[in-house]
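# Understanding the architecture of this molecule
Okay, here's what each chain looks like letter by letter:
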Amino acid sequence: MTDTMAPDIDAIERIARAAMARLPAVFRRHLASVVLRVEPFPDADVIAEMGLESEWDLLGLYWGRHVGMKGDEPTGAMPDMIFLYQQPLLAEWCQGEDSLEALVTHVLVHEVGHHFGLSDADMEAIEGEAS
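Residue numbers run consecutively from 1 along every chain, following the written order of its sequence. Only residues with pLDDT of at least 70 are given local features in this predicted model, and only at 80 or more are side-chain atom pairs given and counted; all residues enter the totals for whole chains, interfaces and linings. Water and hydrogen atoms were dropped before computing side-chain values, which therefore reflect all heavy atoms in the structure.

So, about the overall build of the protein. Counting its secondary structure elements, the protein contains 6 helices and 3 strands. Secondary structure of the protein in N-to-C order comes out as α-α-β-α-β-β-α-α-α. Any pair of residues with heavy atoms lying within 4.5 Å of one another is described as a contacting pair. At a minimum sequence separation of 6, the contacts of the protein that also span at least 24 residues come to 68%. Accessible surface computed for the protein: about 7,900 Å², of which carbon and sulfur atoms make up 52%. Going along the chain from the N terminus, every DSSP run of H or I of four or more residues is numbered as a helix, and every run of E of two or more is numbered as a strand. Surface exposure here means Shrake-Rupley accessible area, sampled with a 1.4 Å probe, where a residue is shielded only by the protein chains that are shown.

Before going further, it helps to examine the sheet that holds strand E1 (residues 35–39). The strand order across the open sheet formed by 3 strands is E1-E3-E2, and the pairing between neighbours is mixed. The open sheet has two edge strands, E1 and strand E2 (60–63), and neither has a second partner. Here the average twist between neighbouring strands, direction ignored, is 15°. For two strands to be treated as a pair, DSSP must find no fewer than two bridges joining them. Pairing of E1 with strand E3 (residues 81–85), which is carried by 5 bridges, proceeds in the parallel orientation. Its bridge partner being in E3, Val-35 is matched across the sheet by Met-81. Packed on one face of the sheet, helix H4 (residues 86–95) meets E1 and E3 and runs near 50° to E3. Lines fitted to the C-alpha atoms define the axes, with helices restricted to the stretch that makes contact. Angles between their N-to-C directions range from 0 to 180 degrees.

Another aspect to go through is the pattern of salt bridges. We define a salt bridge as a contact between a side-chain nitrogen of Lys or Arg and a carboxyl oxygen of Asp or Glu at a distance within 4 Å. Under the criterion given, the structure shown has 2 salt bridges. Where Arg-17 meets Glu-13, a salt bridge forms, and the shortest distance between an N and an O atom there is 2.9 Å. With Arg-17 and Glu-13 both in helix H1 (residues 9–21), this residue pair falls 4 residues apart, about one helical turn. For Arg-37, the salt bridge is made with Glu-39, and the minimal N-O distance between the two is 2.4 Å.

Let us now look at the packing of H4 against helix H5 (residues 100–116). The description of two helices packed together rests on the angle between their axes and the distance between the axes. H5 packs onto H4 with a crossing angle of 125° between their chain directions and a minimal axis gap of 10 Å. Considering the angle they form, H4 stands oblique to H5. Crossing angle aside, the handedness with which H4 passes H5 is right-handed. Contacts from Leu-89, Leu-90, Glu-92 and Trp-93 in H4 reach Leu-100, Leu-103, Val-104 and Val-107 in H5. Put simply, Ala, Val, Leu, Ile, Met, Phe, Trp, Tyr, Cys and Pro go in the nonpolar bin, Asp, Glu, Lys and Arg in the charged bin, and everything else, Gly too, in the polar bin. Here the residues of the contact of H4 with H5 are counted per class, giving 7 nonpolar, no polar and 1 charged. Any angle that falls under 35 degrees is termed roughly parallel, while one over 145 is termed roughly antiparallel, one within 65 to 115 roughly perpendicular, and all others oblique. Crossing handedness is read from the near helix: turned anticlockwise from the far helix by less than a right angle, it gives a left-handed crossing, and turned clockwise, a right-handed one.

Within this scheme, the nonpolar core is defined by two criteria: the residues are buried Ala, Val, Leu, Ile, Met, Phe, Trp, Tyr or Cys, and they are joined through side-chain atoms within 4.5 Å. Relative accessibility thresholds used throughout: buried, under 20% of the residue-type maximum; exposed, over 50%; partly exposed, between the two (1.4 Å probe, protein chains only). Within the largest apolar cluster, 26 residues are counted, with the highest numbers of intra-cluster contacts made by Leu-31, Ile-82, Leu-84, Val-104 and Val-112. Secondary structure elements with two or more residues in this core: H1, helix H2 (25–31), E1, E3, H4, H5 and helix H6 (120–130). When residues of this core are assigned to their parent elements, the largest contribution, 8 residues, is made by H5. Apart from residues no more than four positions distant in its own chain, Leu-31 is found in contact with Met-20, Leu-23, Ile-82, Val-112, His-115 and Phe-116. Among the nonpolar cores identified, the runner-up in size contains 8 residues, and Val-46, Ile-47, Met-81 and Phe-83 belong to it.

Attention now goes to the environment of Ala-18. Along the polypeptide, Ala-18 turns up in helix H1. The exposure class of Ala-18 is partly exposed, given its relative accessible area of 34%.

Tracing the sequence through the fold places Glu-92 in helix H4. Taking C-alpha positions, Glu-92 is 8.4 Å from Leu-59, a pair spaced 33 residues apart along the chain. Look past the residues within four positions of Glu-92 in its chain and what remains in contact with it is Leu-59 and Leu-103.

Below is the structure:
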């Protein structure tokens with residue numbers, strides 16, 4: 001019998017990077033400078049700033065300036081980042097009907113959409129291409 005373990009942070013990052021590789025080329029080019037981070041949970045500052053009731057309430061977060069705001073970055077600005085939160089993603093996956101790959105792709109596309117300032121309809125179209 002083989003032991004089955006929950007996907008760790010590295011596994012979720014691999015899934016997210018594979019989803020990024022399936023995005024249209026125009027998005028991949030702009031995302032080359034965006035840092036992808038997978039963390040167990042959002043930190044206390046994010047929870048407070050977003051007014052979350054629980055660390056389980058957020059699956060992902062885009063942090064930075066969207067593409068339309070580029071060009072006027074202050075000196076010493078941190079790079080744009082996409083955060084994916086492992087434990088809330090796994091909890092959502094366990095309760096849902098989608099594969100972990102589909103869920104991670106959905107959250108990633110949503111966060112990428114924020115980077116580009118896209119509407120929900122635009123994000124749904126991109127998600128269809130990345131699936």
